[in-house]
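Listed below, chain by chain, are the residues.
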Amino acid sequence: MGKQKTDHKSLHAGWIQDLKVANIIKIDGAKLVCLACQSNFTFKQKSQLEQHIKTSKHENLAKKFAMDPQRQILLSEAVESQSNKPFYKNMCRAFISAGIPWKKLQNPVLQNFLQTYTGRAIPDESTLRKNYLPQIYAEAIEEIRRDVGTNPIWLSVDETTDACGRYIANVLIGSLKKDEPSKSHLICSKQLEKTNNATVTKLVLDSLQMLWPGCKQDQIEAKFLLFITDGVQYMLKAGKNLKVIYTKLLHVTCLAHGVNRVAEQIRSLFPDVDKFVANMKTAFKKAPSRIAIYKEKCPDLPLPPNPVITRWGTWLKATEFYGQHFNEMKDIIETINNDAASTLQYLDEIENKLLKVNGNIGKAVIEKFRTVIGKNPDLEKLKQISSILEGESDEELNPAEVAAFNYAPLTSVETERSFSMHKFLLSDRRQKITPENLEMELVSRYESLTED
């Protein structure tokens, strides 16, 4: 039998772990590199490495090395070999997609584990941030451009305040296709000095240039057809600004926001029901003994919905549940006390149901509905387009553009979800991350999680 080839990387990784010198001894192919001494070695025995780290020269240089973090970073990067670059890039991509802070690589146990079982030197977090995050971000932007191609697009923008008190605006885009719904892409996440129509207008213009660099206004005008926002005044003004530049643009406010405002009006008109729902929520919150009674009494009945005011429609779902199962809930509470279609079609359905509600309450709710929906800038035009898609004729509208709206989104829900991802990345332990790095990581992570 031939002599079995030695796996130097695994062997060296084991030595480094045993001697706890991962911060100063790195693996470069078949060699070991001492960052403190700036020397490389081809040790064949673990004892040789042990003797080296015990020399007075190494000990003195190691102390100086430990006191100079910048030098540690530079030398670590210098050791990085060509063969390690794909590994480092894939590690960076994996950490972004999984939402793992790169600072975790400084954990000695994790570092030794990765080094032992991959047989590779583990990079410093600054190496990933400086060398590979920009590459992955650039690839994400290119992937967005490839997916959009020459299709017309919808664009949605929304704003929030982050954990550091900064105004953050996220911009999502997607293709308008006649045959299928589009995939949404987070194209940018920018910090705004102020939130007004001017800053939002500029943000949209910059986002379009990022998507189509070098394109002229008339070229973009033929592609940018739908603008989706919430209904605040500065967003409505931004929509008017953009429609001056892009004459084919339709601006709609998020229908989910609008319906939610109607739902809030309904909730305010039923204070006793609202109090009942809130009390029921409290009754089963962190109460395992009460939940056990519930499951014993009604084993086939799911637990009541947990309404959250900021989550659209959950209160109405809760009231519907309690209305359908009122007798069962009454029995359970007595025991506990003793124990201690398309978006537009949905919109039409909502209006039709509200019209059937009699009395002053019904009148108040339908007035609220019509006030909120009536302020939606181009909703009537979209209803007209919807009618054409269903077979009605109209010689004024371009057939190709009409077909592109077949799967057009009419809510900004995806933009709201992108803020949840932003909040996850900007935790209370990561508030020193720069806005630029946060944007690159957020865009890259969003793209990785929405891959087909």
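Residues numbered from 1 in each chain as written. Predicted model: local features only at pLDDT ≥ 70, side-chain atom pairs only at ≥ 80, totals over all residues. Heavy atoms only, no water.

Topic: the overall build of the protein chain
Threshold: Labels follow the DSSP assignment, with helices taken as runs of H or I lasting at least four residues and strands as runs of E lasting at least two, numbered in each case from the N terminus. Our radius of gyration is a C-alpha quantity, and the globule rule it is checked against amounts to 2.2 Å times the number of residues to the power 0.38. Remark: exposure states derive from per-residue accessible area (1.4 Å probe, protein chains only) relative to the maximum for the residue type, with buried under 20%, exposed over 50%, and partly exposed in between. Only the protein chains shown count as covering a residue, and every accessible area follows the Shrake-Rupley method with a 1.4 Å probe.
In terms of helices and strands, the protein chain carries 21 helices and eight strands. Relative to the compact-globule value of 22 Å for 452 residues, the protein chain shows a C-alpha radius of gyration of 30 Å, a clear excess of over 25%. C-alpha extents for the protein chain along the principal axes are approximately 90 × 70 × 50 Å. A buried classification covers 42% of the 452 residues belonging to the protein chain. Counting every atom, the protein chain has about 25100 Å² of accessible surface; 51% of that belongs to carbon and sulfur.

Structural notes on the environment of Lys 297
To be explicit about the condition: Every residue pair with non-hydrogen atoms within 4.5 Å of one another is taken to be in contact.
Mapped onto the elements, Lys 297 comes out in helix H13 (residues 288-297). A relative accessible area of 39% places Lys 297 in the partly exposed class. Distance in space between the C-alpha atoms of Lys 297 and Lys 281 is 18 Å, their sequence separation being 16 residues. Setting aside its immediate chain neighbours within four residues, Lys 297 contacts Asp 331, Ile 332 and Thr 335.

Here's the deal with the pairing of strand S6 (residues 185-192)
Keep this limit in mind: Pairs of strands are assigned from DSSP output, requiring at least two bridges between the strands.
Counting buried positions over the eight residues of S6 gives six, a clear majority of the element. With seven bridges connecting them, strand S5 (residues 167-175) and S6 associate as antiparallel partners. Considered in S6, the bridge of Leu 172 is made with Leu 186.

With respect to the pattern of salt bridges
Oppositely charged side chains can form a pair if their charged atoms are brought close together. Cut-off, in case you're wondering: Any carboxyl oxygen of Asp or Glu within 4 Å of a side-chain nitrogen of Lys or Arg constitutes a salt bridge here.
Within the structure shown, the criterion is met by 21 salt bridges. Its salt-bridge partner being Lys 202, residue Asp 206 comes within 2.8 Å of it at the nearest N-O pair. Of this pair, Asp 206 and Lys 202 both sit in helix H8 (residues 197-211), separated by four residues, roughly a single helical turn. For Asp 206, a relative accessible area of 40% translates into the label partly exposed.

Remarks on the pairing of strand S8 (residues 250-253)
The side-chain alternation of S8 yields two buried faces, one formed by Leu 250 and Val 252 and the other by His 251 and Thr 253. Inspection of the sheet shows strand S7 (residues 224-229) paired to S8 by four bridges, in the parallel sense. In the strand pairing of S8, Leu 226 is matched with Leu 250.

Structural notes on the UniProt feature "domain: DUF659" (unreviewed entry) in the protein chain
Rule in force here: UniProt positions are given in the numbering used here, feature names are shortened, and annotations may be inferred rather than shown by experiment.
Under the UniProt annotation, the feature "domain: DUF659" (unreviewed entry) is placed at residues 123-281. The span residues 123-281 is 52% helix and 23% strand, and its two end C-alpha atoms sit 48 Å from each other.

A closer look at the packing of helix H5 (residues 85-98) against helix H21 (residues 435-449)
The cut-off we apply is this: To get an axis, a line is fitted to the C-alpha atoms, and for a helix only the part in contact is used. The angle between two axes follows their N-to-C directions and goes from 0 to 180 degrees. These descriptions rest on fixed angle ranges, namely under 35 degrees for roughly parallel, over 145 for roughly antiparallel, 65 to 115 for roughly perpendicular, and the rest for oblique. As a working rule, the residues Ala, Val, Leu, Ile, Met, Phe, Trp, Tyr, Cys and Pro are called nonpolar, Asp, Glu, Lys and Arg charged, and the rest polar, with Gly in that last group.
Contact geometry of H5 with H21 gives a least axis separation of 8 Å together with a crossing angle of 80°. Comparing the axis directions of H5 and H21 gives the class roughly perpendicular. Along the contact surface, H5 presents Ile 96, Ser 97 and Ala 98, while H21 presents Glu 441, Ser 444, Arg 445, Ser 448 and Leu 449. Residue composition of the contact of H5 with H21, grouped by class: three nonpolar, three polar and two charged.

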